[in-house]
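Residues per chain, in single letters:
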Amino acid sequence: MDREVVERARSGDQEAFADLVHQISDTLLGVARRILRDPTLAEDVLQNALVTIWRKLPHLREADRFEGWAFRILVHACYAEAPRNRKWASAIRVLHADVASDVDDIQKIADRDELEQAFRRLPLDQRAVFVLHHHVGLPLVAVAETLGIPDGTARSRLHYATRALHAAFEQARAAQDLREGRLT
Amino acid sequence: MNDKRDFDRAVDRWLDDGSDATPPDVINVVLLAVRSTPQERRSWWPAWRTTSMTSSLRVAAVVALAAIASTAVIVTFGPAGSGFGDTTARPQPNPALLARGYFVIGAGEAVELEATRQGSSVTGRMAVSAQGQNEPYAFSVDLQCAATTEDGLVMIGGVTTDATGQEAPQQGTWAGIVFERGSPVGASTWHGFQSNAASCLAFLHEQDRRERSTHLGPDPDWTDPVEGTVELGP
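Reading the values: rules and limits
Residues numbered from 1 in each chain as written. Chains lettered and ligands numbered in written order. Predicted model: local features only at pLDDT ≥ 70, side-chain atom pairs only at ≥ 80, totals over all residues. Heavy atoms only, no water. Pairing = 2+ DSSP bridges. Helix = DSSP H or I, 4+ residues; strand = E, 2+ residues; numbered from the N terminus. Axes fitted to C-alpha atoms, helices over the stretch in contact; angles between N-to-C directions. Left-handed = near helix turned anticlockwise from the far one by under 90°. Contact = heavy atoms within 4.5 Å. Parallel < 35°, antiparallel > 145°, perpendicular 65-115°, else oblique. Nonpolar A, V, L, I, M, F, W, Y, C, P; charged D, E, K, R; others polar.

Concerning the sheet that holds strand E8 (residues 224–225) of chain B
Pairing between the strands of a sheet is mediated by backbone hydrogen bonds and can be parallel or antiparallel. Residues and elements named next belong to chain B. One open sheet accounts for nine strands, arranged E8-E7-E6-E5-E4-E3-E2-E1-E9; its pairing is antiparallel. Two strands in the sheet have a free side with no partner beyond their single neighbour: E8 and strand E9 (227–232). By the bridge criterion, two bridges tie strand E7 (residues 186–190) to E8 in an arrangement that is antiparallel. By the bridge assignment, Gly186 is partnered in E8 with Pro225.

Shown next as structure tokens:
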């Protein structure tokens, strides 16, 4: 992120802000999509977050911290939007015989479905920590700093999220082993 | 080990699914909205400035803080024992309990803690141990300072001693704990963030400021509820 562009946007330069939007929107959308599990909702949240970033940019004291600060605004926008949206899009996957004929493919799809369902059961704050750590690749300390929470809290949220997903993964594998046992 | 690798691969595949390309109309809507949305003007926030303040701003901060000092409890600056506007010598009060207990928080961090305050001096010890993401870790903290924020969070900090495990802070670095009063009491440890704070109080101030720096307010679930016994002083 170009520090000078951030500073110009912070001073009210709308062209500079447009540059920032083009640089960061895909990354922010990726985070929102993964936290919310709803592409349409993620786009709405991204729009809200970007406008909030524009409004609050004068409050950002250090231009070098723009990216982490933007993540934080985005996550808060996810928190704000999610409870209002009662209808969650379900990730229904149609299994075509030619796609899922291989045992490995079946396993991968089963894993993904179990992980998806387990992730959707997690509270948003745990999802946010998990996505920032595993998808964005931030170390836990950076996740904590980005979200404005103590690092102990970030650590515990990641622990709970990982434990739930791991249990779902184990369940998918056990179910598959059972199916294979039945078939052989 | 295979199981962990399989799990990591499955998570990566699932997380990477889908496209992150922002549709152009989404960006256009934002840029249109920005044209008619004014930016917020930056407000002067005197209480959380540190050593970079000029002397005139520091004087102004003292005046502002003195105006509200009757009910607010503030983080103190400078050497241990000094506070804003405190120039009168007072007899040392009896030791008072800051916090004491044995409890578990968050991702299974077991904490044993006893901290007392006598005047401006804080003494005590905190021992932390946990299973960790990859391996167990444990460390002790020689407690040296404490502060209470305006919204009632109790922060206690000190120097790390006897550290083992990957996730433990390095020996000699600052570490601490923050409590949130309530039923149950909430707590969270501070020990992963690399701090260059010159003093224990500066470390607490830095941790607190880190969480409030963007004016979005603290996260509603800032601490985790403790399980076990914890007693906080008045």
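Read on, since the account is not over.
Remarks on the packing of helix H2 (residues 14–36) of chain A against helix H3 (residues 39–56) of chain A
Residue and element names in this part refer to chain A. At a minimum axis separation of 9 Å, H2 and H3 run at an interaxial angle of 140°. Read as a crossing pair, H2 and H3 show a hand that is right-handed. Where H2 abuts H3, its residues Gln14, Phe17, Val21, Ile24, Ser25, Leu28, Leu29, Ala32, Arg33 and Leu36 lie against Pro39, Leu41, Ala42, Glu43, Val45, Leu46, Leu50, Ile53 and Trp54.

Topic: the environment of Asp177(A)
Relative to the elements of secondary structure, Asp177(A) occurs in helix H8 (residues 151–183). For the pair Asp177(A) and Gln107(A), spaced 70 residues apart in sequence, the C-alpha to C-alpha distance is 9.7 Å.

As for the packing of H2(A) against helix H6 (residues 124–134) of chain A
Each pair of packed helices can be summarised by the angle the axes make with each other and by the distance between the axes. Residues and elements named next belong to chain A. At a closest axis distance of 9 Å, the pairing of H2 and H6 adopts a crossing angle of 135°. Here H2 lies oblique to H6, going by the angle between them. Considering how the two elements wind past one another, H2 and H6 form a crossing that is right-handed. Between H2 and H6, the residues in contact are Val31, Arg34, Ile35 and Leu36 and Leu124, Arg127, Ala128, Val131 and Leu132, respectively. Here the residues of the contact of H2 with H6 sort into seven nonpolar, no polar and two charged.

Remarks on the pairing of strand E3 (residues 121–130) of chain B
All names here are of chain B. The sheet contact formed by strand E2 (residues 109–118) and E3 spans nine bridges and is antiparallel. Of the residues in E3, the one forming a bridge with Val111 is Val128. Here E2 hands over to E3 after two residues, with Gly119 in that stretch at a positive phi of 65°. Here E3 pairs with strand E4 (residues 137–148) via six bridges, running antiparallel. For Ala130, the partnering residue across the bridge sits in E4 and is Tyr137.

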